[in-house]
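Each chain is listed here by its residues.
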Amino acid sequence: GESVGLHLPTLSVQEGDNSIINCAYSNSASDYFIWYKQESGKGPQFIIDIRSNMDKRQGQRVTVLLNKTVKHLSLQIAATQPGDSAVYFCAENIFHSGNTPLVFGKGTRLSVIA
Amino acid sequence: EADIYQTPRYLVIGTGKKITLECSQTMGHDKMYWYQQDPGMELHLIHYSYGVNSTEKGDLSSESTVSRIRTEHFPLTLESARPSHTSQYLCASSPTGWETQYFGPGTRLLVL
């Protein structure tokens, strides 16, 4: 069945370094992907999305890369700051299948070391 | 920033009580969702709705029920709370089209 998972449950990064959070998905029909950030005590917050007709999309300090060949998604955070400490979730969707909800991965906890 | 609200934010209640968790959004989104999440853990979809008078069960079996009488409102009800219902409940909404969900702040429920 379809699944969205993350390779590492935790990631520790030195402040100022770049962070890379990875996500694997199994359904090759997925055509829409989102990264969410969830800080302690809050709901998930939308960071960035990408559609399957793209392989890279950039935001402010964040870049999402999509490799459809190996069904892999990554989130890169440049110059990681203490405020980036959170749990990050990837999510996938098959838009053209009709009304189906997002499928979320298990999450990666990012800890930024000052 | 998404305009989606949940009340109460925290609730401590005894076993057997009936509770309703409220969720409202002011964005006119057709789609709404309820997730159950233990702190820092994965999200489990328990209910969703793609419009007024439409409700579906999610992937996680739940003893809760939902209703969607108005577009902006999607309450979740537990008829008889149990300690196993202790968790965080997150509400989300999404516009028609691409499935970009926007989340509320969550309700933390503790059943004694």
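Structure first, text after, so check above.
These numbers come from a predicted model, not from an experiment.

Draft legend 1. Fine view of the side chain of T107 of chain B. Residues and elements named next belong to chain B. Along the chain, T107 turns up in strand β11 (residues 107–111). For T107, a relative accessible area of 0% translates into the label buried. When residues no more than four places from it in sequence are discounted, the contact partners of T107 are Q6, T7, P8, R9, L21, S87, Q88 and Y89.

Draft legend 2. Main features of unusual backbone geometry. That bond from T7 of chain B to P8 of chain B is cis: its omega, -10°, falls within 30 degrees of zero. Structurally, P8 of chain B is set in the loop between β1 (4–7) and β2 (10–13). At K71 of chain A, a position not held by glycine, the phi torsion is positive, near 55°. Its location among the elements puts K71 of chain A in the loop between β7 (62–67) and β8 (72–77). The phi angle at N53 of chain B is positive, at roughly 65°, despite the residue not being glycine. With respect to the helices, strands and loops of the structure, N53 of chain B is situated in the loop between β5 (44–51) and β6 (54–57).

Draft legend 3. The arrangement of the pairing of strand β4 (residues 32–38) of chain A in detail. All names here are of chain A. For β4, the tally of buried residues reaches seven of seven residues, placing the bulk of the element in the interior. In β4, alternate side chains face the same way, and those of Y32, I34, Y36 and Q38 on one face and F33, W35 and K37 on the other are all buried. Sheet topology note: the β4/strand β5 (residues 45–51) ladder contains six bridges and is antiparallel. Bridging across to β5, K37 finds its partner in Q45. Here β4 folds back onto β5, and the loop between the two strands holds six residues, one of which, G41, carries a positive phi near 80°.

Draft legend 4. Local environment of the sheet that holds strand β8 (residues 76–78) of chain B. Residue and element names in this part refer to chain B. The strand order β1-β3-β8-β7 describes an open sheet built from four strands, whose pairing is antiparallel. Bordering the open sheet on either side are β1 and β7 (64–66), each of which pairs with just one other strand. On average, adjacent strands in this sheet sit at an angle of 15° to one another, irrespective of strand direction. Judged from the four bridges that link them, β1 and strand β3 (residues 19–25) form a sheet pairing that is antiparallel. Bridging from a neighbouring strand, Q6 pairs with C23 of β3.

Definitions and limits used
- The residue numbering used here restarts from 1 in each chain and proceeds along that chain's sequence as written.
- For this description, chains carry letters from A and ligands carry numbers from 1, given in the order in which they are written.
- Totals for whole chains, interfaces and linings use all residues, but because this is a predicted model, local features are given only for residues with pLDDT of at least 70 and pairs of side-chain atoms are given and counted only at 80 or more.
- The side-chain numbers reported here are obtained from all heavy atoms of the structure, hydrogens and water having been left aside.
- Strands here mean DSSP runs of E at least two residues long; helices mean DSSP runs of H or I at least four residues long; both are numbered from the N terminus.
- Relative accessibility decides the category of a residue: with a 1.4 Å probe and only protein chains considered, values under 20% of the type maximum give buried, values over 50% give exposed, and everything between is partly exposed.
- Contacts are assigned to residue pairs that have any heavy atoms within 4.5 Å of one another.
- Two strands are counted as paired when DSSP detects at least two bridges linking them.
- Note on geometry: axes are lines fitted to C-alpha atoms, helical ones only across the stretch in contact, with angles between N-to-C directions running from 0 to 180 degrees.

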